[in-house]
Amino acid sequence: MILCREWPTFAALLLVASASLAVTCAAQTDVRDWQAERTRMVNEQLKARDIRNDRVLEAMLSVPRHRFIPESARGGAYGDFPVPIGYGQTISQPYIVAFMTQALDVGPGDRVLEIGTGSGYQAAVLSLLAREVFTIEIIESLADRARATLKDLGHQNVHVRAGNGYLGWPEYAPFDRIIVTAAPEAVPPALVEQLKIGGLMAIPIGVGDQELRILRRTPVGLDTIATLPVRFVPMTGKGS
Ligand code: SAH
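These remarks concern the structure in this document. (Residues numbered from 1 in each chain as written. Predicted model: local features only at pLDDT ≥ 70, side-chain atom pairs only at ≥ 80, totals over all residues.)

## A few points about the overall build of the chain
Condition: Numbering goes from the N terminus for both helices and strands, where a helix is a DSSP run of H or I of at least four residues and a strand is a run of E of at least two. Put simply, a residue is buried when 20 or more other C-beta atoms lie within 10 Å of its own C-beta and exposed when 12 or fewer do; between those, it is partly exposed, and each C-beta is set from the backbone. We call two residues in contact if the C-beta atoms placed from their backbones are at most 7 Å apart.
A count of helices and strands for the chain gives 7 helices and 9 strands. For the chain, the residues scored as buried account for 40% of the 240 residues in total. Within the chain, contacts between residues separated by at least 24 positions form 52% of all contacts whose residues are at least 6 apart in sequence.

Structure, rendered in structure tokens:
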């Protein structure tokens, strides 16, 4: 008789204990301290190298990079490497995003064109530094997803278009800055035409191992300002 009365109590206690254990486990897997990971990324991957521009550092500290990455790959969101975003494409390593953004020296009044929206992360970082960002993505599903993520996060000054960026976006040209995040074999002529005189362009050039070039448009052509060896996905859908 005594046993019969004690067992239910014991069973109830077990139930309560396992339920609270389940709640604790769920909390541990669901809630990661993304802000802490982002702070570490900025300190160890950007400040510890040569990223000195405060506006760039602040932007990268505030944009939630993990939100631009599909859940299956989110664990590596703040790692020192590129991360897959689906459709065979990747979001660039944080340092490369910072290097290109710093090299472009974006001002608050600038209108910026990006070729290769991908996840929309680079566009989000730019949107905090520029007046307006125009970004083109050749894979329609990626363009749709980036547009939705940017809208969710409140980036109202970014315009996403699905299309072939090789031809630029003539309706909104000229641009103060152009950033290309997929690698063509040579600088697309339409992009040079759509860059203001004195404007800057960051673009990886080549097949396989590429050279990231920072170019300035002059009245007579282009000056190369800086380079870095890089590996971006190839630019597809060439202008014909
Ligand atoms: N800037 C992106 C990463 C770019 S990955 C980010 O922050 O996530 C390069 C992207 O360029 C890919 O999504 C690829 O589909 C796109 N791309 C390749 N060729 C293109 C072209 N001709 N026009 C527009 N986008 C292109």
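Next comes the rest of the write-up.
## Quick word on the site of the ligand
Our working definition: Note on definitions: a residue is near a molecule or strand provided its C-beta atom, placed from the backbone, lies within 6 Å of it. Under the convention adopted here, Pro, Cys and the residues Ala, Val, Leu, Ile, Met, Phe, Trp and Tyr are nonpolar, Asp, Glu, Lys and Arg are charged, and Gly plus all remaining residues are polar.
In the vicinity of the ligand, 24 residues are found, and the nearest of them are Gly-116, Gly-118, Ser-119, Gln-122 and Gly-165. Listing elements by their share of the shell around the ligand, those giving two or more residues are strand S2 (89-91), helix H5 (121-127) and strand S4 (132-137). With 3 residues, S2 is the single largest residue contributor to the shell around the ligand. Partitioning the shell around the ligand into residue classes produces 11 nonpolar, 12 polar and 1 charged.

## Details of the packing of helix H2 (residues 34-47) against helix H3 (residues 54-62)
This is how it is decided: As a rule, the C-alpha atoms of each element are fitted with a line to give its axis, helices using only the stretch in contact, and angles between N-to-C directions run from 0 to 180 degrees. Should the near helix be turned anticlockwise from the far one by less than a right angle, the crossing is termed left-handed; should it be turned clockwise, right-handed.
Running from amino to carboxyl end, H2 crosses H3 at an angle of 145 degrees, the nearest separation of the two axes being 9 Å. Between H2 and H3 the crossing geometry is right-handed. Contacts between H2 and H3 pair Arg-38, Thr-39, Val-42, Leu-46 and Lys-47 from the former with Leu-57, Met-60 and Leu-61 from the latter. Its residues assigned to classes, the contact of H2 with H3 comprises 5 nonpolar, 1 polar and 2 charged.

## Looking at unusual backbone geometry
Residue Pro-174 is bonded to the preceding Ala-173 through a cis peptide linkage, with omega at 0 degrees. Within the secondary structure layout, Pro-174 lies in the loop between strand S5 (158-162) and strand S6 (175-180). Phi is positive for Tyr-87, close to 60 degrees, though the residue is something other than glycine. Tracing the sequence through the fold places Tyr-87 in the loop between strand S1 (83-86) and S2. Classification of Tyr-87 by C-beta neighbours within 10 Å gives exposed; the count is 11. You will see that Asp-105, though not glycine, has its phi angle at about 45 degrees, which is positive. Examined against the element boundaries, Asp-105 turns out to sit in the loop between helix H4 (94-104) and strand S3 (111-115). Overall, the presence of 15 C-beta atoms within 10 Å leaves Asp-105 in the partly exposed class.

## Observations concerning H3
Note the following rule: Arc, as used here, means the arc of the directions from the helix axis to the C-beta atoms.
The complete set of buried residues in H3 reads Val-56, Ala-59 and Met-60. Within H3, the buried residues cover an arc of 95 degrees as seen down the axis, which keeps them to one side. Close packing links the buried residues of H3 with H2, H4 and H5.

## A closer look at the pairing of strand S9 (residues 221-230)
How we decide: Here a strand pair is declared whenever DSSP counts at least two bridges between the two strands.
A small share of S9 lies buried, amounting to 0 of its 10 residues. The pairing of strand S8 (residues 210-218) with S9 spans 9 bridges and is antiparallel. Looking at the pairing, Glu-211 lines up with Pro-229 of S9.

## Some thoughts on helix H6 (residues 140-152)
As a reminder, the rule being used: Here the expected length of a helix is defined as 1.5 Å per residue gap, with one fewer gap than residues.
The end-to-end C-alpha separation of H6 is 18 Å, in line with the 18 Å expected for 13 residues at 1.5 Å each. Taken together, the buried positions of H6 are occupied by Leu-142, Ala-143, Arg-145, Ala-146, Arg-147, Thr-149 and Leu-150. Lining the buried residues of H6 we find S2, H5, S4 and S5.

## Notes on the packing of H2 against H4
Rule in force here: An angle counts as roughly parallel when it lies under 35 degrees, as roughly antiparallel when it exceeds 145, as roughly perpendicular when it falls between 65 and 115, and as oblique in every other case.
Between H2 and H4, the least distance of the axes is 10 Å, while the angle of their chain directions is 65 degrees. Classified by the angle their axes make, H2 and H4 are roughly perpendicular. Here H2 runs over H4; the crossing is right-handed. Contacts between H2 and H4 involve Met-41, Gln-45 and Leu-46 on the former and, on the latter, Pro-94, Tyr-95 and Ala-98.

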